[in-house]
Amino acid sequence: MFREGTFDSLRSLLERSAAASGNRRRKSVRDSRIRPGYLPRMHAGFITLIGRPNAGKSTLLNAVLGQKISIISAKPQTTRNRILGIYNGEGVQIIMVDTPGLHQAKGRLNRAMVGVATDSLQDVDAVCWVLDASGPAHRIASGSLPSKILTKAESRVLALIERSNVEKVSIALNKIDLLSRNALLPLIAALSERLPNAEIVPISALKNGSDKFSGGVDRLLTVWKGHIPESPALYPTDQVTDVSERFVVSELIREKIFNLTRQEIPYAVAVEIEKFSEEAREGKPPLFHIMARIMVERDSQKGILIGKQGSSLKRIGTLARKDIEPMLGAPVFLQLHVSVAPKWTENPSLLRELGYES
Ligand SMILES: Nc1nc2c(ncn2[C@@H]2O[C@H](COP(=O)(O)OP(=O)(O)OP(=O)(O)O)[C@@H](O)[C@H]2O)c(=O)[nH]1
Ligand SMILES: [Mg+2]
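How each quantity is defined
- Residues numbered from 1 in each chain as written.
- Chains lettered and ligands numbered in written order.
- Predicted model: local features only at pLDDT ≥ 70, side-chain atom pairs only at ≥ 80, totals over all residues.
- Helix = DSSP H or I, 4+ residues; strand = E, 2+ residues; numbered from the N terminus.
- Contact = placed C-beta atoms within 7 Å.
- Buried ≥ 20, exposed ≤ 12 C-beta atoms within 10 Å, placed from the backbone.
- Pairing = 2+ DSSP bridges.
- Right-handed = clockwise from strand over helix to strand, strands pointing away.
- Near = placed C-beta within 6 Å.
- Core = buried A, V, L, I, M, F, W, Y, C linked by C-beta atoms within 7 Å.
- Domains from an automatic or database assignment.
- Axes fitted to C-alpha atoms, helices over the stretch in contact; angles between N-to-C directions.
- Expected span 1.5 Å × (residues − 1).
- Arc of directions from axis to C-beta.
- Parallel < 35°, antiparallel > 145°, perpendicular 65-115°, else oblique.
- Nonpolar A, V, L, I, M, F, W, Y, C, P; charged D, E, K, R; others polar.
- Left-handed = near helix turned anticlockwise from the far one by under 90°.

### Here we look at the overall build of the protein chain
- In terms of helices and strands, the protein chain carries 12 helices and nine strands.
- Sequence-distant contacts, at least 24 apart, represent 72% of the contacts inside the protein chain between residues at least 6 apart.

Quick look at the structure:
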């Protein structure tokens, strides 16, 4: 089911992204395959993945693509931007729009994140609500009334979908590896009563293919194919995302910080790439020199991030480099430094500079 050759260096694919964005709708599979008397049918369109933080939206996007484009963590509010993941299959191009989790936003950065998610419901062909099924299943098992199966926050996502003008709706009932099979049916029944036109597909984005109810993501792709219109490909068919290589590098560094630090630190951090250069080497792959600034809000956070004799920062750098090198297909010399930008999460010009506000 996964795209062929996806484990090739992401670099070559990303490199084409910028150039390719100007070519939208110009070159398509249909154009190159037209035979007299035979017009192959192609479906292409946009599907927004929406849901609560931590539901597994980014994990799902990566599972469909078979490679990591969007970062993941066990902490909520990991994704901060709109990120496209382009799935190219037989006769279909599904452009998934990963979004930040919907939450009651306090503060400017969080409001911007929620704004990105709600705006992503405009001008798309379909929406997929990614719902962590383990919570509602647990509430069913403990005898909750049908009206209490969804939390208020989950009901708000549902209301947002209902208010949007998007007609084609699917629900990816995620994390089914965490529940027993007999919890599924009552949950599906309850959800189909609330959203009668939605197609509900139980999946495990994390364990797709290996879990006890494997195959869910395949079924979801089939549903999505029916939700997008007949159209030539909207992006070149070897393109997997719209984000730049620099962006993915900064996100991979931020992911390590999310995974290695606690409390408020992950939420006080932004990563900015200051230098990104390639040194050509005779008979060898190039060497990348990357310098990134990790921005925090307070001195105390800077101390924690750096750690004793720089140990914490070193660990972040080592883990990030392990992910960046295969992506670029070349060795990387990665330098990280930490600086304090008081209240950057409330600062409009910094938020704009970091790409969190437009
Ligand atoms: N057990 C289980 N865990 C999963 C599954 N899918 C995702 N997760 C875990 O759920 C957590 C959140 O996943 P993400 O993909 O970052 O969730 P998200 O919806 O993108 O979250 P935000 O970016 O914060 O909105 C991670 O720890 C994932 O490993 C699944 O199918 N089963
Ligand atoms: Mg995410």
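### Some points on the pairing of strand 6 (residues 199-202)
- The alternating pattern of strand 6 places Glu199 and Val201 on one face and Ile200 and Pro202 on the opposite face, and all of these are buried.
- Bridge count between strand 5 (residues 168-174) and strand 6: four bridges; the pairing is parallel. The residue of strand 6 that forms the bridge with serine 170 is glutamate 199.
- Once the chain exits strand 5 it traverses helix 7 (residues 181-194) before rejoining the sheet at strand 6, and the crossover so formed is right-handed.

### Concerning the site of ligand 1
- Every one of the 25 residues lining ligand 1 counts as a neighbour, but Gly56, Ser58, Thr79, Gly101 and Leu206 are closest to it.
- With three residues, the top contributor of residues to the shell around ligand 1 is helix 3 (residues 57-65).

### With respect to the nonpolar core
- Of all hydrophobic cores here, the largest spans 88 residues; its most connected members are Ile47, Val127, Trp129, Ala172 and Leu173.
- Both domains that furnish three or more residues to this core are identified here as domain 1 (10-227) and domain 2 (245-353).
- Among all residues touching tryptophan 129, those that are not within four sequence positions of it are Ile50, Gly51, Val157, Ile161, Val169 and Ile171.

### What to know about the sheet that holds strand 6
- What the six strands build is an open sheet, ordered 2-3-1-4-5-6; its pairing is mixed. Two strands close off the open sheet at either side, each with one partner strand: strand 2 (83-89) and strand 6. Taken over all neighbouring pairs, the strand axes of this sheet differ in orientation by 25° on average, direction set aside.
- Note: strand 4 (residues 126-132) against strand 5, seven bridges, orientation parallel. By the bridge assignment for strand 5, alanine 126 is matched with lysine 168.
- Packed onto the sheet, helix 6 (residues 152-163) meets strand 1 (43-50), strand 4 and strand 5 and runs at close to 175° relative to strand 4.

### Thoughts on helix 8 (residues 216-227)
- Taking 1.5 Å per residue, 12 residues should reach 16 Å; helix 8 reaches 17 Å between its end C-alpha atoms and fits that length.
- Listed as buried for helix 8 are Gly216, Val217, Leu220, Trp224 and His227. Buried residues of helix 8, viewed axially, fall in a sector of 90°; they line one side. Residues of helix 8 that are exposed and angled more than 90 degrees away from the buried face: Thr222 and Gly226.
- Buried residues along helix 8 sit against strand 1, helix 3, strand 3 (92-98), strand 4, strand 5 and strand 6.

### Some thoughts on the packing of helix 5 (residues 134-141) against helix 7
- At a minimum axis separation of 9 Å, helix 5 and helix 7 run at an interaxial angle of 95°. Between helix 5 and helix 7, the interaxial angle falls into the category roughly perpendicular. Taken together, the residues of helix 7 that come into contact with helix 5 (itself represented by Pro136, Ala137, Ile140 and Ala141) are Ala183, Pro186 and Leu187.
- Class assignment of the residues belonging to the contact of helix 5 with helix 7 gives a composition of seven nonpolar, no polar and no charged.

### Overview of unusual backbone geometry
- Phi angles above zero are rare outside glycine, and asparagine 54 is one such case at about 75°.
- Tracing the backbone shows asparagine 54 in the loop between strand 1 and helix 3.
- In this structure, lysine 175 takes a positive phi of about 70° despite not being glycine.
- Position of lysine 175 among the secondary structure elements: in the loop between strand 5 and helix 7.

### Quick word on the packing of helix 9 (residues 245-260) against helix 11 (residues 311-328)
- One can describe the packing of helix 9 onto helix 11 by two numbers: an axis separation of 9 Å at closest approach and a directional angle of 140°. With respect to their mutual orientation, helix 9 and helix 11 come out oblique. The way helix 9 lies across helix 11 gives a crossing that is right-handed. Note on element contacts: helix 11 touches helix 9 through Arg315, Ile316, Leu319, Ala320, Asp323, Ile324 and Met327, opposite Val248, Val249, Leu252, Ile253, Lys256, Ile257 and Leu260.
- Of the residues assigned to the contact of helix 9 with helix 11, the class counts are 11 nonpolar, no polar and three charged.

### Concerning the environment of threonine 345
- Within the fold, threonine 345 resides in the loop between strand 9 (332-340) and helix 12 (348-353).
- A residue is classified by how many C-beta atoms lie within 10 Å of it, and threonine 345, with 20 of them, is buried.
- For the pair formed by threonine 345 and alanine 268, sequence separation is 77 residues and the distance between their alpha carbons is 7.3 Å.
- Sequence-distant contacts of threonine 345, that is, excluding residues within four places in its chain, are made with Gly107, Arg108, Leu109 and Glu297.

### What about the sheet that holds strand 9?
- Ordered by their spatial adjacency, three strands build an open sheet running 7-8-9, and the pairing between neighbours is mixed. Unpaired on one side and paired on the other, strand 7 (270-281) and strand 9 mark the two borders of the sheet. Averaged over all pairs of adjacent strands, the angle between their axes in this sheet comes to 15°, without regard to strand direction.
- Lying over the sheet, helix 10 (residues 299-306) contacts strand 8 (284-296) and strand 9, oriented at roughly 155° with respect to strand 9.
- Along the sheet, helix 11 contacts strand 8 and strand 9; its crossing angle with strand 9, the most-contacted strand, is approximately 135°.

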